[in-house]
Amino acid sequence: MNVLIPAPLRSYTGQRQVEANGTSLAAVLADLDRQYPGIRFRMIDEQDRMRPHVRFFVNGAQTFDLSRPLRSTDEVLIVQALSGG
Amino acid sequence: MAPTTKKSAKKSATKSAARTPRVATHAQAKPRSKQGSRVVVLIATRKGAWLYHGDATRKNWRSDGPHFLGHIVNHLVLDPRDGRTLLAAAKTGHLGPTVFRSTDLGRSWKEAERPPAFARAPGGEAGRAVDHTFWLTPGHASEPNAWYAGTSPQGLFRSDDGGVTWEPFSGINEDPQYRKWMGTVQDGTPDGPKLHSIIVDPRDPAHLYFAMSGGGVHESVDRGQTWTPIGAGLEVVDGFDSSNLAFHDPHCVRLCPSNPDRLYQQNHCGIYRIDRPSNEWVRVGRSMPKRVGDIGFPMVVHPRHADTAWVFPMDGSTVWPRTSPGGMPAAYVTRNGGKTWQRAAAGLPEGDAWWTVKRQAMAADGNDPVGLYFGTTSGELWSSRDEGRQWTRIAEHLPEIYAVEAGQLS
């Protein structure tokens, strides 16, 4: 499935849009990490929690559930929050 | 004006009290002179990192940067064992923390394959997550690929492959007693509690120290298998229980390379010195001028003279402005182990300069005379070629400076 990568993480992927496989959001992130080592830890902490300011959308709907089931036709959008300073 | 404080009455009976320190021979104790070595000043800032390369005179500096523009870089350290490997503790604002590594003095960087991260908590427990790596210390000279890292929240980690992978070290991260002393994130500094001041005794890789902002100073003589608090003599803010290490707030601890049995500490409640095998700190900051006080963040020690150390006092009165007392920034130096202190501010602004210098943002090189360097949160980098007698600004308009280190190049 398509996964859209936010700008701060494109140092890992080299591009805005990549392909990843998995039947859940957790599995897709694991596949991303397999392809681009280290990328998952920048979004998910060591207790498997989504880091603050990182948001996940599946087909346009935000989800906070890593176990959310996914189909191969789904599109995952990873977004960095706009807060900063 | 220093806050009112209460002295810690607890004298800890420690393994180290019984330990007979290895008496280093003169040849072992005297550090190798670095007269004339080129110096590179390593600047970690809120928005990236810079390297400032000095010429042989240390009068002219060439800027190399920014590296990691936009990333929060908490610490940038040159490996003294090879003079070219750099580790940078970094976090991009909204992303998780990591460590970057360069083996060519910053020309290229690779990210750690496994940055410092706490162990997965058992099912049902919340577990902690490393917010950022705060402090990096190269391992002993006999362990060329070893590094230590201190994190926020407080955690201690070690790498045995030059910073590529990191593991929790020594068990304190999950030890119930240490977790109590660490407190919670509410007990820490404005951007989280820190484990810092990781020290490796140059005589013995098994002899280690670390400190925590909230949690005190700790020592191991067995390579981290066991740890003992070293808190006797330290004061805490009035009203707190000094027997509870959670209320101890060391800001920066340094070991004297020329006499590894002596350490200096800038604490939330004063400047201290300890001479091992004693386990009791002595508050040597009481001889600082009263109008200045002995509150501050950084502590820098002379590489060859254990009686000489420098501090950069800040205003610790009322709401703790943490700025230069009276708007008059100054370093202070002792050349007699803290018996007396002299102001070292020639060249610095004489007023209306409300500076903050963070605990890692002041350093010394190993040349003769010693060069000193400090960076402010307002983005200025200053240096002295003569041990603080005269200061010159090297750079301005940098982002908020978090850490300054001085590396010696071959």
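Position numbers for residues count from 1 along each chain, tracking the sequence in the order it is written. Just so you know, chain letters begin at A and ligand numbers begin at 1, following the order they were written in. The predicted origin of the model limits local features to residues at a pLDDT of at least 70 and limits the giving and counting of side-chain atom pairs to 80 or more, whereas totals for whole chains, interfaces and linings rest on all residues.

**Let's talk about the overall build of chain A**
The test is simple: In this description a helix means any DSSP run of H or I spanning at least four residues, a strand means any run of E spanning at least two, and both kinds are numbered starting from the N terminus. Put plainly, a residue is buried at 20 or more neighbouring C-beta atoms within 10 Å of its own, exposed at 12 or fewer, and partly exposed in between, counting only other residues' C-beta atoms, which are placed from the backbone. In this description, a residue-residue contact is defined by the distance between C-beta atoms placed from the backbone, which must lie within 7 Å.
Helix and strand counts for chain A come out as three helices and five strands. When the helices and strands of chain A are listed from N to C terminus, the series reads β-α-β-α-α-β-β-β. The principal-axis extents of the C-alpha atoms in chain A amount to approximately 35 × 25 × 25 Å. Residues counted as buried form 21% of the 85 residues belonging to chain A. In chain A, the proportion of contacts linking residues at least 24 apart, taken out of those at least 6 apart, comes to 48%.

**A look at the overall build of chain B**
This is how the line gets drawn: The globule rule used for comparison is 2.2 Å times the number of residues to the exponent 0.38, while the radius of gyration itself is calculated over C-alpha atoms.
Assigned secondary structure in chain B consists of three helices and 30 strands. Taking 410 residues into account, the globule formula puts the C-alpha radius of gyration at 22 Å, and chain B, at 20 Å, falls close to it. Per-residue burial over chain B gives 53% buried out of 410 residues. Across chain B, the fraction of contacts at a sequence separation of at least 24, relative to all contacts at a separation of at least 6, is 54%.

**Focus on the interface of chain A and chain B**
Here is the rule: Lys, Arg, Asp and Glu make up the charged group, whereas Ala, Val, Leu, Ile, Met, Phe, Trp, Tyr, Cys and Pro make up the nonpolar group; the residues left over, Gly among them, are polar.
Tallying the contact residues gives 16 residues for chain A and 14 residues for chain B. Looking at which element gives the most residues to the side of chain A that touches chain B, the answer is helix H3 (residues 39-43) of chain A, with three residues. Its residues placed into classes, the side of chain A that touches chain B shows six nonpolar, five polar and five charged.

**Here we look at the sheet that holds strand S6 (residues 86-92) of chain B**
All names here are of chain B. The condition that has to hold: Strand pairing is assigned whenever DSSP detects at least two bridges linking the two strands.
Strand order in this open sheet of four strands is S5-S6-S7-S8, and the pairing throughout is antiparallel. Strand pairing shows two members of the sheet lacking a second neighbour, strand S5 (71-78) and strand S8 (110-111), which therefore form its edges. Both S5 and S6 contribute to a ladder of seven bridges, which runs antiparallel. Within S6, the residue paired with His75 across the bridge is Ala89.

**Quick notes on the confidence of the model for chain B**
Residues and elements named next belong to chain B. Let me state the cut-off plainly: For every residue, the pLDDT score states the predictor's confidence, bounded by 0 at the bottom and 100 at the top.
Chain-level statistics for chain B give a pLDDT mean of 90 and a share of 90% at 70 or above. This model gives residues 1-34 a pLDDT under 50, and the stretch forms 80 contacts once residues within four places in sequence are excluded. The ipTM for the predicted assembly is 0.83, set against a pTM of 0.90.

**Here we look at the nonpolar core**
Spelled out, the test is: To count as a nonpolar core, a set of buried Ala, Val, Leu, Ile, Met, Phe, Trp, Tyr and Cys residues must be joined through C-beta atoms within 7 Å.
In terms of nonpolar packing, the biggest core is built from 103 residues, with B:Ile43, B:Val73, B:Leu76, B:Ala88 and B:Val404 touching the most fellow members. Per-element accounting of this core gives the leading share, six residues, to strand S2 (residues 38-45) of chain B. When sequence neighbours within four positions are dropped, the list of residues in contact with B:Val73 reads B:Ala44, B:Thr45, B:Gly48, B:Ala49, B:Phe68, B:Ala88, B:Ala89, B:Ala90 and B:Tyr402. If you look at the next biggest cluster of nonpolar residues, it comprises 19 residues, including A:Leu9, A:Leu29, A:Met43 and A:Phe56.

**Observations concerning the sheet that holds strand S4 (residues 61-67) of chain B**
All names here are of chain B. Worth spelling out the cut-off: A fitted line through C-alpha atoms represents every axis, and for helices the fit uses only the stretch in contact; the resulting angles, taken between N-to-C directions, go from 0 to 180 degrees.
Spatially, four strands are ordered S4-S3-S2-S30 in an open sheet, and the strand pairing comes out antiparallel. A single partner strand is all that each edge strand has here, and the edge strands are S4 and strand S30 (401-409). For this sheet, the mean inter-axis angle between neighbouring strands, taken without regard to orientation, is 20 degrees. Sheet topology places strand S3 (residues 48-54) next to S4; five bridges connect them, and they run antiparallel. Across the sheet, the residue bridging to His53 is Arg62, located in S4.

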